[in-house]
Amino acid sequence: MVNRNLVAITDCDHDSITVEAGVLKAAGLEAPWLQCKTEDDLIRECVGFKSVINQYAPFTEKVFDNLPDLKVIVRYGVGVDNIDLTAATKHGVKVCNVPDYGMYEVADHAMALALALARKIVLNNDNVKSGVWEYQKAIPIYRLSTQTIGVIGVGRIGTAFAERAKAFGMKVLAYDEYAQKAGRTKDYMEMVSLDELLKRSDIISVHCPLDGNRDLIAAPQLKKMKESAYLINVSRGGIINERDLFNALSDKEIAGAACDVFSPEPIAKDNPLLSLPNFLATPHIAWYSEESAIELERKVAEEAVRGALDQPLLNVVNAAAGK
């Protein structure tokens, strides 16, 4: 007998839920694939479900007030920005994520952006395709092994990125007060203040959560960076103030930047950042590989099963939530 009353998928932008369905079926469960977009959609469609898989639909105080049977939300991905964690905890709902499914992909993407900026790949590509065969147009370019890289946030992804930078012979500075207090840093990392990291780094890569870090990098911080420095964000839009970044790039306060994430998303077509030759943009794709996509789908379903069947959960982000 298949139980169709415990788990639901509130929304997702994938082509299918074949992987999730397979995991659920093996546990004797089945989940409807809903298309919720608003609070009212969630309230109307998710009544009675104990465990839900979620991507974008907003879980707010109003939603929790109207879904008394809900006990577990499992979100596709690492961030849980669309879920009010305080309200979830108040209502005894455990919110889970999948923190490790694409960490190598994100680290690889950040390094790809760093290399594209430092080696001026896009500029050179554009020049050659337009008939300009002059390496002088890309000067100056600096040897990577003489560069200092600053990593803001050295959790799973930030550490994986730092390891890649170290492999290129780069000096690694890191800023992460939580990781430093917890003793979760590597010997090759020089732990410094944010101000010192900004002043000393040739390349800075952001790997911290949005919560508590909105506008962490704004005009005052950008002014502390070297004029030759590059800034990368593959974490969350909103950590870097986009207006201030545009001004810093336009005024050549820093040499260039690359972002995979924006606020809001998708980025508006008239966002002035897109007009700048020293700015690179990708469409929140850092997490993606064929392997990571399948791993994400499998792991959200496995966690949702654990939530539905009262089994221990692996990745609760609001651990203080009630039983």
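Please refer to the structure placed before this passage.
Residues numbered from 1 in each chain as written. Predicted model: local features only at pLDDT ≥ 70, side-chain atom pairs only at ≥ 80, totals over all residues. Heavy atoms only, no water.

Draft legend 1. Quick peek at the overall build of the chain. Scanning the chain from N- to C-terminus turns up 12 helices and 11 strands. Its C-alpha radius of gyration of 22 Å places the chain within 12% of the 20 Å reference for a compact globule of 323 residues. Oriented by its inertia axes, the alpha-carbon framework of the chain measures out at about 70 × 45 × 35 Å. Evaluated residue by residue, the chain yields a buried proportion of 50% over its 323 residues. (Helix = DSSP H or I, 4+ residues; strand = E, 2+ residues; numbered from the N terminus. Rg over C-alpha atoms; globule rule 2.2 N^0.38 Å. Buried < 20%, exposed > 50% of the residue type's maximum accessible area, 1.4 Å probe, protein only.)

Draft legend 2. Representation of the pattern of salt bridges within the structure. Taken as a whole, this structure holds 19 salt bridges when the rule is applied. Measuring nitrogen to oxygen at the nearest pair gives 3.1 Å for the salt bridge that ties Lys-171 to Glu-190. Placement of Lys-171 in strand E6 (residues 171–175) and of Glu-190 in strand E7 (residues 189–191) is noted, with a sequence separation of 19 residues between them. Overall, Lys-171 belongs to the partly exposed group, its relative accessible area being 39%. Since its relative accessible area comes to 26%, Glu-190 is described here as partly exposed. With its nearest N and O atoms 2.7 Å apart, the salt bridge here joins Glu-295 to Lys-299. Here Glu-295 pairs with Lys-299, and both are found in helix H12 (residues 290–308), just 4 residues apart, close to one helical turn. Counted as one network, the salt bridges with shared partners bring together Lys-171, Glu-190, Glu-196 and Arg-200. (Salt bridge = Lys/Arg side-chain N within 4 Å of Asp/Glu carboxyl O.)

Draft legend 3. Up close: the sheet that holds strand E2 (residues 51–54). Taken in spatial order, the 4 strands of this open sheet run E1-E2-E3-E4, and their pairing is parallel. The open sheet has two free edges, formed respectively by strand E1 (7–9) and strand E4 (94–96), since each of these has just one partner strand. Between one strand axis and the next, the sheet turns by 15° as a mean value, whatever way the strands run. Of the pairings in the sheet, the one linking E2 to strand E3 (residues 72–75) comprises 4 bridges and is parallel in character. Considered in E3, the bridge of Ser-51 is made with Val-72. Running at roughly 160° to E2, H12 makes contact with E1, E2, E3 and E4 of the sheet. (Pairing = 2+ DSSP bridges. Axes fitted to C-alpha atoms, helices over the stretch in contact; angles between N-to-C directions. Contact = heavy atoms within 4.5 Å.)

Draft legend 4. Expanded view of the layout of surface pockets. Computed from the structure, the second largest pocket encloses a volume of approximately 500 Å³. Surrounding the second largest pocket, 24 residues form its lining, Lys-120, Leu-123, Ala-255, Pro-277 and Asn-278 being those nearest its centre. Sorting the residues of the lining of the second largest pocket by element identifies helix H5 (103–118), helix H6 (121–129), helix H11 (242–250) and strand E11 (279–281) as the ones contributing at least two each. Here the element with the most residues in the lining of the second largest pocket is H6; it accounts for 4 residues. Taken together, the residues of the lining of the second largest pocket sort by class into 16 nonpolar, 3 polar and 5 charged. (1 Å grid on protein atoms, 1.4 Å probe; cavity = no way out; pocket = protein on both sides within 12 Å on 5 of 7 lines; lining within 4 Å. Points joined across faces, edges and corners; volume = space filled by probe spheres on them. Nonpolar A, V, L, I, M, F, W, Y, C, P; charged D, E, K, R; others polar.)

Draft legend 5. Representation of the pairing of strand E8 (residues 203–206) within the structure. Side chains Ile-203 and Ser-205 of E8 all project onto a buried face; the interleaved residues Ile-204 and Val-206 project onto the opposite face, where all are buried too. In terms of strand pairing, strand E5 (residues 148–152) meets E8 through 4 bridges, oriented parallel. Each residue of the ladder has a partner; that of Ile-149, found in E8, is Ile-203. Here E8 pairs with strand E9 (residues 230–233) via 4 bridges, running parallel. When the sheet's bridge partners are listed, Val-206 is paired in E9 with Asn-233.

Draft legend 6. Looking closely at the sheet that holds E9. Strand order in the open sheet formed by 7 strands is E7-E6-E5-E8-E9-E10-E11, and the pairing between neighbours is parallel. On the outer flanks of this sheet lie E7 and E11, each paired with one strand and no other. Sheet twist, expressed as the mean angle between neighbouring strand axes with direction ignored, is 20°. Two elements, E5 and E6, share 5 bridges in a ladder whose sense is parallel. Its bridge partner being in E6, Ile-149 is matched across the sheet by Val-172. Along the sheet face, helix H7 (residues 156–167) touches E5, E6, E7 and E8 and points at about 175° away from the line of E5.

Draft legend 7. Summary view of the packing of H5 against H7. Interhelical geometry of H5 versus H7 gives an angle of 45° and a closest axis separation of 8 Å. Between H5 and H7, the interaxial angle falls into the category oblique. For the crossing formed where H5 meets H7, the hand is right-handed. Residue-level contacts link Met-103, Tyr-104, Val-106, Ala-107, Asp-108, Ala-110 and Met-111 of H5 to Arg-156, Ile-157, Ala-160, Phe-161, Arg-164 and Ala-165 of H7. Per-class residue counts for the contact of H5 with H7 are 10 nonpolar, no polar and 3 charged. (Parallel < 35°, antiparallel > 145°, perpendicular 65-115°, else oblique. Left-handed = near helix turned anticlockwise from the far one by under 90°.)

Function-wise, these values are silent; they only describe arrangement.
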